[in-house]
Protein chains: 4
Amino acid sequence: MRIGVIGASGYAGLELLRLLAGRSGDEVVLITSRQEAGQKLTELFPALAGLANYDQLRFVEPAALAGQADVFLLAAQHGAAMVLVPELLAAGAKVVDLSADFRLRSPEEFALWYGLPHAAPELLAQAVYGLPELYAEKIKKAALTANPGCYPTSVILALAPVLKARLLDPSQVPVADAKSGVTGAGRGAVLSNAFCEVQDNFKSYKTVGHRHTPEMLQELSTLWGQQVKLAFTPHLLPINRGILATVYVKLAPPPSLEALRGLFLDFYREARFVRVRPLGQSPETADVRGTNFCDLALFHDRASGLFKIVSVIDNLCRGAAGQAVANLNLMTGRPEEHGLLLPAVRP
Amino acid sequence: MRIGVIGASGYAGLELLRLLAGRSGDEVVLITSRQEAGQKLTELFPALAGLANYDQLRFVEPAALAGQADVFLLAAQHGAAMVLVPELLAAGAKVVDLSADFRLRSPEEFALWYGLPHAAPELLAQAVYGLPELYAEKIKKAALTANPGCYPTSVILALAPVLKARLLDPSQVPVADAKSGVTGAGRGAVLSNAFCEVQDNFKSYKTVGHRHTPEMLQELSTLWGQQVKLAFTPHLLPINRGILATVYVKLAPPPSLEALRGLFLDFYREARFVRVRPLGQSPETADVRGTNFCDLALFHDRASGLFKIVSVIDNLCRGAAGQAVANLNLMTGRPEEHGLLLPAVRP
Amino acid sequence: MRIGVIGASGYAGLELLRLLAGRSGDEVVLITSRQEAGQKLTELFPALAGLANYDQLRFVEPAALAGQADVFLLAAQHGAAMVLVPELLAAGAKVVDLSADFRLRSPEEFALWYGLPHAAPELLAQAVYGLPELYAEKIKKAALTANPGCYPTSVILALAPVLKARLLDPSQVPVADAKSGVTGAGRGAVLSNAFCEVQDNFKSYKTVGHRHTPEMLQELSTLWGQQVKLAFTPHLLPINRGILATVYVKLAPPPSLEALRGLFLDFYREARFVRVRPLGQSPETADVRGTNFCDLALFHDRASGLFKIVSVIDNLCRGAAGQAVANLNLMTGRPEEHGLLLPAVRP
Amino acid sequence: MRIGVIGASGYAGLELLRLLAGRSGDEVVLITSRQEAGQKLTELFPALAGLANYDQLRFVEPAALAGQADVFLLAAQHGAAMVLVPELLAAGAKVVDLSADFRLRSPEEFALWYGLPHAAPELLAQAVYGLPELYAEKIKKAALTANPGCYPTSVILALAPVLKARLLDPSQVPVADAKSGVTGAGRGAVLSNAFCEVQDNFKSYKTVGHRHTPEMLQELSTLWGQQVKLAFTPHLLPINRGILATVYVKLAPPPSLEALRGLFLDFYREARFVRVRPLGQSPETADVRGTNFCDLALFHDRASGLFKIVSVIDNLCRGAAGQAVANLNLMTGRPEEHGLLLPAVRP
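### Topic: the overall build of chain A
Link 1 in the chain: Along chain A, the regular secondary structure elements total 10 helices and 14 strands.
Link 2 in the chain: Taken over the C-alpha trace, chain A has a radius of gyration of 20 Å; the compact-globule value for 347 residues is 20 Å, and the two agree within 12%.
Link 3 in the chain: With respect to the principal axes defined by its C-alpha atoms, chain A has extents near 60 × 45 × 40 Å.
Link 4 in the chain: In chain A, once contacts between residues fewer than 6 apart in sequence are set aside, the share between residues at least 24 apart is 70%.
Link 5 in the chain: As displayed, chain A offers around 10800 Å² of accessible surface, 52% of which is attributable to carbon and sulfur atoms.
Link 6 in the chain: Each charge class in chain A was averaged separately, 33 positive and 32 negative side chains, and the resulting centres sit 3 Å apart.

Now the structure itself:
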């Protein structure tokens, strides 16, 4: 299978190339980057030297893409994919879009949150939200998958079982307090992501109004069958990779922790990449570093009566490139976990 | 004034010595440590060499303390202070206890959470909770101050104005999602605090049932005049110093953000060490690194209807040693900020 | 092939299990740990849950090992392997020892540097120093391989080509200034490796007399054919993994940089895991994080007349577990790189 | 005294403002920044809110400076100071320049290394190299002080005693392997200093030809009375502040370590900010974090015959702003240590 990676000079692109390096039967035949066009891949990313065909690849401009690959993984900024995708689909290619362009079903919502009109609204209906635990069957048949955002991945997987089981007590607005590593902000020269601004430091950012909010509300409401409210706050951790979301919910009737864990185990029975932790364990972001796993743990807080669900993923792997490869696997008839059963690099 | 630091070989002890190094009129005459008795201070902590009288000090066993100093700062483990304090007070000394021994007014609560009976329950009534923003006048007259815990300091200062103003809507249990640097765990050889277990990693710990819970509930309920519920979760940040607490509350009637900020400014009008941030700013732990400040910021989340209050302190300074020195200042007739107006070391 | 990992509860053991997780044809059938005997592997290391047969494994005491596996990887402290190895070899097993026990050819040197007499001096002659770039042919036939130390791996690979080519000018003592991540110190509760002692900090340690010194001198002198002098200093980096060694040498006659690079390329022509960087590039430890690569770069310093050779490896992978797996591959008739062509997890 | 800080929006500027915050008798009356002109100081740097007169200050363009202050601290990029200084001196102000503009005595050397002609070569003769341990008497009388570079400060203080004592054996080129925190690169949006490029990573940079080379050679040669050779390599540490230089020298005749330490103690007898460590101690960058100290330790390496001198400073404080304040102190008739006896913030 010939794979094209669009927007390959960012961190998600680099992570895609890491994950695609060892796969039998696949070959990355095309890498694009506006900024780095002409540059050799292994000069920009010497870490990839000596692997796969990577010493032979050069970045090219993202032009005349149709026909150059069988599958396209789009890791460009939002706004770019919706311009490129129609011709790729028209040429018969399969597409996994890692940007936000095809995640929201409503073009109005997209315009509202991303500040530009949607360029391909007619494709929104056929785009499948690429969260395999919820939509594997649809993904298998999809030509276009909208790879979920990193925060939504961590939060939706934490809440899906209780929403589906209709255990949520809406008298208490759920809280999702999420903390992310810095790769979530992408590869770029930005003062607020400079080492000296982040190291030995911690802050919330976009404390209200983060763009992943509508995506979470859309998917959570679909799961629940009615409109969900959610208080979501992103924070910036001084680590490279990892999201930990601490989710606070009131459940009615309040289950025992054992029963709640049983519910989660049951919900994720087929899920190769969700690990429901034994009661008492607290997952750590390092447990999933470099992997496609989402680890979940459940707690009951007697002091407040609330339940706490802790969810960890690697924002760059499970929250972006790893999930994209899982979607690529499903869309091309392979097992979801093909090439993805990597242990965490820990410590 | 002759100062004795009990339990001086831990991080809180080291921080006390940092803050006491440059003060005119004061002298540290006694430093104790069971582990390091006999050792020269500047051999254990070469960073203190060449400052004040520190090259002359040696750690001694904590025995026959009464009379050796005018003021004692106790930075020992919980359980130690309640044994030492009666004789110190009897000898006329003033005491600031940085441990948990005198924070809870109920000896039963203490026994429940700390697993040992209280050795000096008769002193609990006279011990003043050493949060200057709430109790400055009492602290000025106190012989024994119970220095607040680090998490409670950050959470209580975030919630005090809304509780006092009776704005809290109890239909929504408040959530305090707190993240702390590793110095909060003390100076010790513990695998879970080893560099390779913490660096490039993030986790919650004691996800339910952390010992600072009763202290927060006690003080918040006192402020509100009725029993507060609170969902509190501590997390471990890969940084040395700093706590950031993200507090989620429902307010009724919901004030405008400007009005809420006005309320905070008013509440903290006299508070030298609380900085209510301009609307829109997000405080960062590095802004208060090495200082006694608590920075607060206020947000209204339209998506959920909740308000978010972000609070940052340096857990080792404001959350321990700095607050102790502020209490020492007040107890000995000096301005709270004497020797404490240090700018953050940033970056 | 049945593989036993002895001393599996340390970081080198964890790294071995990471690298052995995905291998077809191999199975880890035995993991030992004195400290963790009885404990389930995935309770101690939840990061390994859901991979290979790891959910079924429990640590056992390291007793009656012979016959339980075909190949043994020994990741115990020095002093342990030399007691266990004789019976394993006698039972026909192959052994890769990651400790220092079989690296020095002289039992007297061993006793001098490690402070205990060698328990199996008769095996020293048959143990092969497991640096595949130098000794691949011997390793293929070996029953016992002494896996090199992390610092020696980085320094020997930097100097081997110039020593072999007899370019070293001994009028200038070579300097190897090396900096290592903290995993090199192992998994243990030690104050000097506590997060707060290492984070945002840097120091040299064992500034003179580090135990890897005799190993380097032995191998470098063998390469050169005469006794090498070397000034070696280890430093502790606030990172988990990685060694960077900056090596300063005087070369006579001084080659052009291009010629020197040609010499290196030639020397490492067959070496799958040495990447000689294009002139001008500076390798970074993150380029090899989680991999078995050693990246080398060459510089000529006009200000001093010296040449600088910069060498980076992952101390835990190439400097320990990865190299052990490469040796296991060679000893069992497989290509050196079998299962080891992993791209770095970067960032 | 009215103080003006030119280039106040960078990290050196921020550090100057930290150090100048608590000084009696001094007031910062002017802060300039081309980028931030018009901006309130405490909006850019909220960490400074509530301190000194800082809530009242705004950045202004660096124009018509003469007469606005009595002393100017110039923390601008190299090339800017040499344009501004003549008029400031002409107006009778005293100037400490933190840039490289007045460090090299030869305008040709300056042009060679910095790529632009010197704009005020006539001032080079009167500029004093602001290393108080070497030039305190000259600094006291100077109108213009050239504040040393961070690397040169660490290396010159390590070598000065042996050069002055003529102990250096020139048959071995000295090596200065230096490692610096990231603040040394300044406050700017540069990809190579982005968090994800530096965190959990380590590299050399400008491995040959760093611009601090001529400054070191100039001062070391002056101390020695003849031309010094030096192999110098800078590296980038994943920490905010701190330089550690490991210096390798051959001494003839080789002194005992005790004698060498005696020589250093004697050389630095009057130096308030140099701490020669007891034999056996290894200084750590955290020991001097936020301070003006330079800690030195001495080692004799039997394996190579060389001596190792380890030197640590805080590159931003001692290597820039702290040293500038020490020079300001000396130039204005105050003790060098006025306002600078700060203990390290550790951990």
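After that view, the rundown keeps rolling.
### Describing the sheet that holds strand S9 (residues 203-204) of chain A
Residue and element names in this part refer to chain A.
Link 1 in the chain: Read across the sheet, 7 strands follow the order S9-S10-S8-S11-S14-S13-S12 without closing on themselves; strand pairing throughout is mixed. Whereas interior strands pair on both sides, the edge strands pair on one side only; in this sheet they are S9 and strand S12 (274-276).
Link 2 in the chain: Two strands pair when backbone bridges link them, and S9 and strand S10 (residues 231-236) are joined in this way by 2 bridges, in the antiparallel orientation. Following the sheet pairing, Lys203 is matched in S10 by Leu236.
Link 3 in the chain: Along the sheet, helix H9 (residues 257-267) makes contact with S12, strand S13 (294-300) and strand S14 (307-313), crossing S13 at roughly 160°.

### Digging into the pairing of S10(A)
Residues and elements named next belong to chain A.
Link 1 in the chain: Across the 6 residues that make up S10, a large majority, 6, are buried.
Link 2 in the chain: Relative to S10, strand S8 (residues 175-180) runs parallel, the two being bridged by 6 bridges. Counterpart to Ala178 in the pairing with S10 is Pro234.

### Here's the deal with the relation of the copies chain B and chain C
Link 1 in the chain: For the pair chain B and chain C, the superposition axis carries a translation of 0.0 Å, the fit reaches an RMSD of 0.0 Å, and the rotation angle comes to 180°. Here the transformation between the copies is reduced to the relation of a two-fold axis.
Link 2 in the chain: Of the interface residues in chain B, 100% have counterparts in chain C that sit at the interface too, so the contact is made through matching surfaces.

### Brief notes about the interface of chain B and chain C
The parts lose accessible area when they come together, and the size of an interface is often stated as this lost area.
Link 1 in the chain: Of the residues lining the interface, 19 residues belong to chain B; the matching set on chain C comes to 19 residues.
Link 2 in the chain: In total, chain B and chain C occlude about 1600 Å² of area from one another, counting both sides; carbon and sulfur atoms represent 61% of this.
Link 3 in the chain: The interface formed by chain B and chain C contains 0 salt bridges.
Link 4 in the chain: Run the count over chain B and chain C and you get 4 residue pairs in polar contact (both at pLDDT 80 or more).
Link 5 in the chain: Element by element, the count of residues in the side of chain B that touches chain C is highest for helix H7 (residues 195-198) of chain B, at 4 residues.
Link 6 in the chain: Within the side of chain B that touches chain C, the residues separate by chemical class into 11 nonpolar, 5 polar and 3 charged.

### Description of the side chain of D:His210
Link 1 in the chain: Note on placement: D:His210 falls in the loop between strand S9 (203-204) and helix H8 (212-224).
Link 2 in the chain: Side-chain polar atoms of D:His210 contact the backbone nitrogen of D:His212, separated by 2.9 Å.

### Regarding the relation of the copies chain D and chain C
Link 1 in the chain: Take chain D, turn it by 180°, move it 0.0 Å along the axis, and it overlays chain C with an RMSD of 0.0 Å.
Link 2 in the chain: Here 100% of the interface residues in chain D have copies in chain C that are interface residues too; the copies meet face to matching face.

### Brief notes about the interface of chain D and chain C
Link 1 in the chain: Taken together, the contacts link 48 residues of chain D with 48 residues of chain C.
Link 2 in the chain: Buried area between chain D and chain C, both sides added, is near 3900 Å², and the carbon and sulfur share of it is 52%.
Link 3 in the chain: Across the contact surface, chain D and chain C share 8 salt bridges.
Link 4 in the chain: Viewed at the interface, chain C and chain D are joined by 34 residue pairs in polar contact (both at pLDDT 80 or more).

### Side note on the environment of B:Pro62
All names here are of chain B.
Link 1 in the chain: Relative to the assigned elements, Pro62 resides in the loop between strand S3 (59-60) and strand S4 (71-74).
Link 2 in the chain: Residues Pro62 and Glu137 lie 75 residues apart in sequence; the distance between their C-alpha atoms is 31 Å.
Link 3 in the chain: Other than its neighbours up to four places away in sequence, Pro62 contacts Ile6, Thr32, Arg34 and Leu84.

### As for the packing of helix H5 (residues 132-141) of chain B against helix H10 (residues 317-331) of chain B
Two quantities define a packed helix pair, namely the angle between the helix axes and the distance between the axes.
Residue and element names in this part refer to chain B.
Link 1 in the chain: As a packed pair, H5 and H10 sit with axes 9 Å apart at the nearest point and diverge in direction by 40°. Along this stretch, H5 crosses H10, giving a crossing that reads as right-handed. Between H5 and H10, the residues in contact are Pro132, Glu133, Ala136, Ile139 and Lys140 and Arg318, Gln323, Ala326, Asn327, Leu330 and Met331, respectively.
Link 2 in the chain: Taken together, the residues of the contact of H5 with H10 sort by class into 6 nonpolar, 2 polar and 3 charged.

### With respect to the sheet that holds strand S11 (residues 243-249) of chain D
Residues and elements named next belong to chain D.
Link 1 in the chain: Taken together, 7 strands build an open sheet; the order of strands is S9-S10-S8-S11-S14-S13-S12 and the sheet is mixed. Of all the strands in the sheet, the pair left with one neighbour each is S9 and strand S12 (274-276).
Link 2 in the chain: Relative to S11, strand S8 (residues 175-180) runs antiparallel, the two being bridged by 6 bridges. Note that in S11 the partner of Ala178 across the bridge is Ala245.
Link 3 in the chain: Across the face of the sheet, helix H9 (residues 257-267) comes into contact with S12, strand S13 (294-300) and strand S14 (307-313) while running at roughly 160° to S13.

### Side note on the domain arrangement of chain A
All names here are of chain A.
Link 1 in the chain: Taken domain by domain, chain A consists of domain 1 (2-126) and domain 2 (150-315).
Link 2 in the chain: Summarising the inter-unit geometry, the C-alpha centres of domain 1 and domain 2 are found 27 Å apart.
Link 3 in the chain: Of the residues lining the interface, 14 residues belong to domain 1; the matching set on domain 2 comes to 15 residues.
Link 4 in the chain: Taking both partners together, domain 1 and domain 2 bury about 1300 Å²; carbon and sulfur atoms supply 49% of that area.
Link 5 in the chain: Seen at the junction of domain 1 and domain 2, the total is 3 salt bridges.
Link 6 in the chain: For Glu219, the salt bridge goes to Arg105, with nearest N and O atoms at 3.6 Å.
Link 7 in the chain: Across the contact surface, domain 1 and domain 2 share 8 residue pairs in polar contact (both at pLDDT 80 or more).

### Here's the deal with the environment of B:Val162
Residues and elements named next belong to chain B.
Link 1 in the chain: Mapped onto the fold, Val162 is located in helix H6 (residues 150-164).
Link 2 in the chain: Using a relative accessible area of 0% as the deciding quantity, one classes Val162 as buried.
Link 3 in the chain: In sequence terms Val162 and Ala189 are 27 residues apart; their C-alpha atoms lie 41 Å from each other.
Link 4 in the chain: Ignoring sequence-local partners within four residues, the contact set of Val162 consists of Leu167, Leu168, Leu251, Leu260 and Phe264.

### Let's talk about the packing of aromatic side chains
Geometrically, a pair of aromatic rings is defined through the distance of the ring centres and the angle of the planes.
All names here are of chain A.
Link 1 in the chain: The full count for this structure, using the stated rule, is 26 aromatic pairs over all chains.
Link 2 in the chain: Through a chain of ring-to-ring contacts, the aromatic side chains of Phe264, Phe267 and Tyr268 assemble into a single cluster.
Link 3 in the chain: Directly above the aromatic system of Phe293 lies the positively charged group of Arg275, at a separation of 3.8 Å from the ring centroid.

### Regarding the pattern of salt bridges
Link 1 in the chain: The full count for this structure, using the stated rule, is 88 salt bridges over all chains.
Link 2 in the chain: Note that A:Arg277 and A:Asp295 form a salt bridge whose closest N and O atoms lie 2.8 Å from each other. With A:Arg277 in the loop between S12 and S13 and A:Asp295 in strand S13, the pair connects residues that are 18 residues apart, well separated along the chain. Taken as a pair, A:Arg277 and A:Asp295 share a single burial class, namely buried.
Link 3 in the chain: Measuring nitrogen to oxygen at the nearest pair gives 3.1 Å for the salt bridge that ties B:Arg334 to B:Asp26. With B:Arg334 in the segment after H10 and B:Asp26 in the loop between helix H1 (11-20) and strand S2 (27-32), this residue pair connects regions lying 308 residues apart in the sequence. Judged on exposure class, the residue B:Arg334 and its partner B:Asp26 are both buried.
Link 4 in the chain: The network of salt bridges with shared partners includes A:Glu197, A:Lys203, B:Arg275, B:Arg277, B:Glu284, B:Asp287, B:Asp295 and B:Arg346.

Analysis parameters
- Residues numbered from 1 in each chain as written.
- Chains lettered and ligands numbered in written order.
- Predicted model: local features only at pLDDT ≥ 70, side-chain atom pairs only at ≥ 80, totals over all residues.
- Heavy atoms only, no water.
- Helix = DSSP H or I, 4+ residues; strand = E, 2+ residues; numbered from the N terminus.
- Rg over C-alpha atoms; globule rule 2.2 N^0.38 Å.
- Contact = heavy atoms within 4.5 Å.
- Areas by Shrake-Rupley, 256 points an atom, 1.4 Å probe, with all protein chains shown as cover.
- Lys, Arg positive; Asp, Glu negative; His and termini not counted.
- Charge placed at Lys NZ, Arg CZ, Asp CG, Glu CD.
- Pairing = 2+ DSSP bridges.
- Axes fitted to C-alpha atoms, helices over the stretch in contact; angles between N-to-C directions.
- Buried < 20%, exposed > 50% of the residue type's maximum accessible area, 1.4 Å probe, protein only.
- Least-squares fit on C-alpha atoms with pLDDT ≥ 70 in both.
- Buried area = accessible area lost by both parts, 1.4 Å probe.
- Salt bridge = Lys/Arg side-chain N within 4 Å of Asp/Glu carboxyl O.
- Polar contact = N/O pair within 3.5 Å; in protein donor to acceptor, adjacent residues only side chain to side chain.
- Nonpolar A, V, L, I, M, F, W, Y, C, P; charged D, E, K, R; others polar.
- Left-handed = near helix turned anticlockwise from the far one by under 90°.
- Domains from an automatic or database assignment.
- Phe/Tyr/Trp six-rings, centres within 6.5 Å; stacked < 30°, edge-to-face > 60°.
- Lys NZ or Arg CZ within 6 Å of the ring centre and 35° of its normal.

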